Amino acid sequence: MKTLFQGGTVVSGTEMRRMDVLVEDERILAVGENLKEPGAHIVDVSQKLVFPGFIDGHTHMDLEVSGTVTADGFETGTKAELAGGTTCLIDFATQNKGETLDYALKRWHRKAEGRASCDYAFHLAISDWNEEVSRELDTVAAGGVRSFKLYMTYDAMVLEDQSLYEVLARLKELNGIAGVHCENRGIIDARLKAALKERGHRRDTADYPATRPDLAEAEAISRLLKIARCVDTPVIIVHLSSREGYEEIRRARAAGQSVYVETCPQYLVMDESRYYLPKGEGRKYMCAPPLRKPADQETLWEALAAGQIQTIATDHCSFTIAQKQAGAEDFAKTPCGMPGAEERPALVYHYGVHAGRLTEMQMCALLAENPARLYRLYPQKGVIAPGSDADLVIWDPKAEHVLSREHQQSAADYCPLEGVCLKGRAAQVYLRGRLAARDGKIVAARAGRYVTAKPGEILL
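Per chain, the residues get numbers from 1 upward, laid out in the order the sequence is written. Residues qualify for local features only when their pLDDT is at least 70, as the model is predicted, and side-chain atom pairs are given and counted only at 80 or more; totals for whole chains, interfaces and linings, by contrast, use all residues. Note that water and hydrogens are dropped before the side-chain values are worked out from all heavy atoms of the structure.

Novice: Please clarify how empty space enclosed by the protein should be interpreted in this entry.
Specialist: A probe matching the size of a water molecule, rolled over the atoms, marks out where space remains unfilled. Residues are called lining when one of their atoms sits within 4 Å of a cavity or pocket point, these points coming from a 1 Å grid over the protein atoms alone, where a cavity is a set in which a 1.4 Å probe fits but cannot get out and a pocket is an open set with protein on both sides within 12 Å along at least five of seven lines. Grid points are joined across faces, edges and corners, and a volume is the space filled by probe spheres set on the points. Using the criterion set out here, one finds three cavities of 30 Å³ or more in the structure. Empty space within the largest cavity amounts to approximately 140 Å³. For helices the rule is a DSSP run of H or I covering at least 4 residues; for strands it is a run of E covering at least 2, with both sets numbered from the N terminus onward. Elements with a contribution of two residues or more to the lining of the largest cavity: helix 9 (265-269) and helix 12 (344-354). Residues are grouped as follows: nonpolar covers Ala, Val, Leu, Ile, Met, Phe, Trp, Tyr, Cys and Pro; charged covers Asp, Glu, Lys and Arg; every other residue, Gly included, is treated as polar. Grouping the amino acids of the lining of the largest cavity by side-chain chemistry returns eight nonpolar, three polar and two charged. Lining the second largest cavity are Ile90, Ala121, Phe122, Gly144, Arg146, Ser147, Tyr375, Leu377, Val451, Thr452 and Ala453. For the lining of the second largest cavity, the per-class residue count stands at seven nonpolar, three polar and one charged.

See below:
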């Protein structure tokens, strides 16, 4: 069965053109002006933008953390992604200390299989480094996992500098790449200790941002980049939140270093004033790194507009209000993370494109084309071109909708931006040629498939 999408404006990372898109089964057959295909099912997308399916390169579904498990597993989390226009996510399959990489990957496959409503791939988060793990990486890379996550903080996940160096050197041999959570654990631990000593308690989330200052992020970024420079390999800075951190990246690039950067919507549209909300409301917004100051937001927007940040991902790590309540007497015991899978494309459009900060082409690059290139899913994903998967987002730039807990797909029982009205949304979302979501509602569930990274160089 062939389907012809007529009358829309097709968006890529470099241009917008009035073109038609012809799809057969799961693939794109042709893209061009005034296409004719007798017998094809016609979908009128006039006055709509046609984006390639968006890719979320940073999610935590069904993750055991902080003595609990994230509210969203692959069942609800992928529905949230799909409803907003994301047709593929890349989740962090996480190796706990003492586990093999094979065990970690098999666990994550069991979590996702038969439950995902959008396509999915895996990064592999490494928390335990030794010779056996190093040998395992040959099999992992050959099996299609070529991107990895490393942590410079968290007792359960942290790798010290020697291990960071050794992992990066091993990944260079295998043509892999690491995304790194950059915060200085020593600064954080010292400030948490001081906060408790000063007050005798740590109830108030207003104290939270000072325990994870922007300089803790900047120091870790600087240290990582120097380690990566010694190895002579590119790295990805994930969830960049601060001006101080960006300045470290800018200096490294000026010296000729290759650095890829991701930020997240929460760092673009919310600031640290959320931590001063009364009655424990601030716990809802606790994420790591923390929300920053308005000046940091402006730096990130300027870097996005200048093409200096390559992707916008969610770091979707959702919890319920009851789970967040674990930090009622000590904010340090609050599970860190927020929902955001469903809202990401609409937030980028409203606060970016509609506000005049970004173009539609930049939105396409940041949400679809660049992550596909960076994580080696291109051209299967991230582009509207013959042979690519028919993942299409029919975007209505005029539609307005209000964010609310009542209508979200996430299992988190709150919406961080409750009541905010946004202009622009995914009117229809097609997963491999099949209508999967319409106006925020799921039409076809559990159709997601596992996809693997392609061999070869990063195309970004």
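From this point, the narrative continues.
Novice: What exactly am I supposed to notice about the packing of aromatic side chains here?
Specialist: Where two aromatic rings form a pair, the distance of their centres and the angle of their planes describe that pair. Two rings belonging to Phe, Tyr or Trp (six-membered ring only in the last case) form a pair when the distance between their centres is within 6.5 Å. Interplanar angles under 30 degrees mark stacking, angles over 60 mark edge-to-face geometry, and anything in between is tilted. For the structure shown, the criterion picks out 13 aromatic pairs. Ring centres of tyrosine 208 and phenylalanine 331 lie 6.0 Å apart, and the angle between their planes is 70°; this geometry places the pair in the edge-to-face category. You can see tyrosine 208 sitting in helix 6 (residues 208-211) and its partner phenylalanine 331 sitting in the loop between helix 11 (321-324) and helix 12, a full 123 residues away along the chain. We note that tyrosine 208, like phenylalanine 331, is buried. Judged by centre distance (5.6 Å) and plane angle (45°), the rings of tyrosine 349 and tryptophan 395 are tilted. Taken together, the residues span a long stretch of sequence, with tyrosine 349 in helix 12 and tryptophan 395 in strand 18 (residues 392-402) at a distance of 46 residues. Taking the relative accessible area as the measure of exposure, tyrosine 349 reaches 6% and is therefore buried. A network of ring pairs unites the aromatic residues Phe51, Phe54, Tyr349 and Trp395 as a single cluster. Between lysine 111 and the ring centre of tryptophan 108, over which it is positioned, the NZ or CZ distance is 4.5 Å. Whether a residue is buried, partly exposed or exposed follows from its accessible area with a 1.4 Å probe, protein chains only, as a fraction of its type maximum: under 20%, in between, or over 50%, in that order. Both a distance and an angle decide whether a charge sits over a ring: NZ of Lys or CZ of Arg must be within 6 Å of the ring centre and within 35 degrees of the ring normal.

Novice: Can you walk me through the sheet that holds strand 4 (residues 20-24) in this structure?
Specialist: Strands in a sheet are paired, the pairing made by backbone hydrogen bonds, and the direction either parallel or antiparallel. Strand order across the open sheet formed by four strands is 5-4-1-6, with mixed pairing between neighbours. Both edges of this open sheet fall to strand 5 (27-32) and strand 6 (41-44), since each of them pairs with a single strand only. Strand-to-strand, the axes of this sheet are offset by a mean angle of 20°, without reference to chain direction. One bridge is not enough; two strands pair if DSSP finds at least two bridges between them. Orientation is described by axes fitted as lines to C-alpha atoms, over the contacting stretch for helices, and by angles from 0 to 180 degrees between their N-to-C directions.

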